[in-house]
Amino acid sequence: MKYVSRSCPVCGSSANIFLHLFSKDCWQTVKCQECSMVYIQNPPDYDTLSKDYEWNTSSANERKRRRNNRKVYYFFSDKARQIKRILRRHRRKEMISIDSLYNSGNFLDIGCGNGGTLKHINKKYTPYGIEISESLSKEANEYCIKNGGMVICADSYSGLQSFESSFFDIVLLRSYLEHEYQPLPVLREVNRVLKKDGIAIIKVPNFDCWNRRLRGLGWPGFRFPDHVNYFTPKTLKEIVEHSGLKIDNFSLMEHLPTSDNMWLYAKKGSE
Ligand SMILES: [Zn+2]
């Protein structure tokens, strides 16, 4: 296995404090002394991630382990989720807003996995994806090619570089940015590939949520070493602003401390 040694992914500072309570095995979680970003300092490199920690395998194992440990909690949590889904007519929050955004356009899902989301977006959009895992990207690509788009098998930064500027109407970063050890260069590329009136939709776990404070290392947002960035509303806002993207909506409703996740909507800014 190969590791990367990195400084703060938000502000670049290498001054940090080791967080013993939020570290596990060899993975060192630290807090930046400049901007308070919490991150794994020694994440696995892309090659290791794509092979040893293929996202679907490691997340399925983790889900199984958590469920076995906390059966009663997950019984009630599943019920609550089912009710929320019925209220949203079985559509994810971000998918409802995507449906009503534009009449047509190019849609990019970064970290698209096997294309699950791409298969569910409205057919008026042309589906594109970037995925580091070879097996998952192959499956997603078969679907996208049939529908006028394609999936690039690469790390997100390299994948984004293969698209021309101002190409996408919508770029979705759903449960992705917490996995990326170079989030700032990726967001700068997102800003470049977005059209003038395009929108980037970001969903990440909220490290400041009450559930994390209550459950500590048992919080589902902790996944070693898949999750390498632990954003709070403050650090998410900062990294998006550093990238050049212009925040369109990040109201309190999008980062309520009662939810494990937060959503940020950004438009193209200056490059
Ligand atoms: Zn920092």
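Residues numbered from 1 in each chain as written. Predicted model: local features only at pLDDT ≥ 70, side-chain atom pairs only at ≥ 80, totals over all residues. Heavy atoms only, no water.

(A) Looking closely at the packing of aromatic side chains. Throughout the structure, instances matching the rule amount to 17 aromatic pairs. An angle of 20° between the planes, with centres 5.9 Å apart, marks the rings of Phe163 and Phe167 as stacked. Judged by relative accessible area, Phe163 falls into the buried class, the value being 7%. An aromatic cluster is present here, built from Phe22, Phe207, Trp219, Phe222, Phe224 and Tyr230 joined pairwise through their rings. (Phe/Tyr/Trp six-rings, centres within 6.5 Å; stacked < 30°, edge-to-face > 60°. Buried < 20%, exposed > 50% of the residue type's maximum accessible area, 1.4 Å probe, protein only.)

(B) Local environment of helix H8 (residues 183–193). Counting buried positions over the eleven residues of H8 gives nine, a clear majority of the element. Among the residues of H8, those classed as buried are Pro183, Leu184, Val186, Leu187, Glu189, Val190, Asn191, Arg192 and Val193. (Helix = DSSP H or I, 4+ residues; strand = E, 2+ residues; numbered from the N terminus.)

(C) Quick peek at the sheet that holds strand S7 (residues 168–174). Read from one edge to the other, the open sheet built from seven strands follows the order S6-S5-S4-S7-S8-S11-S10, with strand pairing classed as mixed. The open sheet has two edge strands with one neighbour each: strand S6 (150–153) and strand S10 (246–249). Between one strand axis and the next, the sheet turns through 20° on average, direction left out of account. In this sheet, S7 lies alongside strand S4 (residues 105–110) in parallel orientation, the contact comprising three bridges. (Pairing = 2+ DSSP bridges. Axes fitted to C-alpha atoms, helices over the stretch in contact; angles between N-to-C directions.)

(D) Just the pattern of salt bridges, in detail. As enumerated under the stated definition, the model contains six salt bridges in all. A salt bridge links Lys119 to Glu139; its shortest N-O distance comes to 3.7 Å. Linking Lys119 in helix H5 (residues 116–120) with Glu139 in helix H6 (residues 134–146), this pair joins segments that are 20 residues apart in sequence. According to the relative accessible area criterion, Lys119 is partly exposed, its value standing at 32%. (Salt bridge = Lys/Arg side-chain N within 4 Å of Asp/Glu carboxyl O.)

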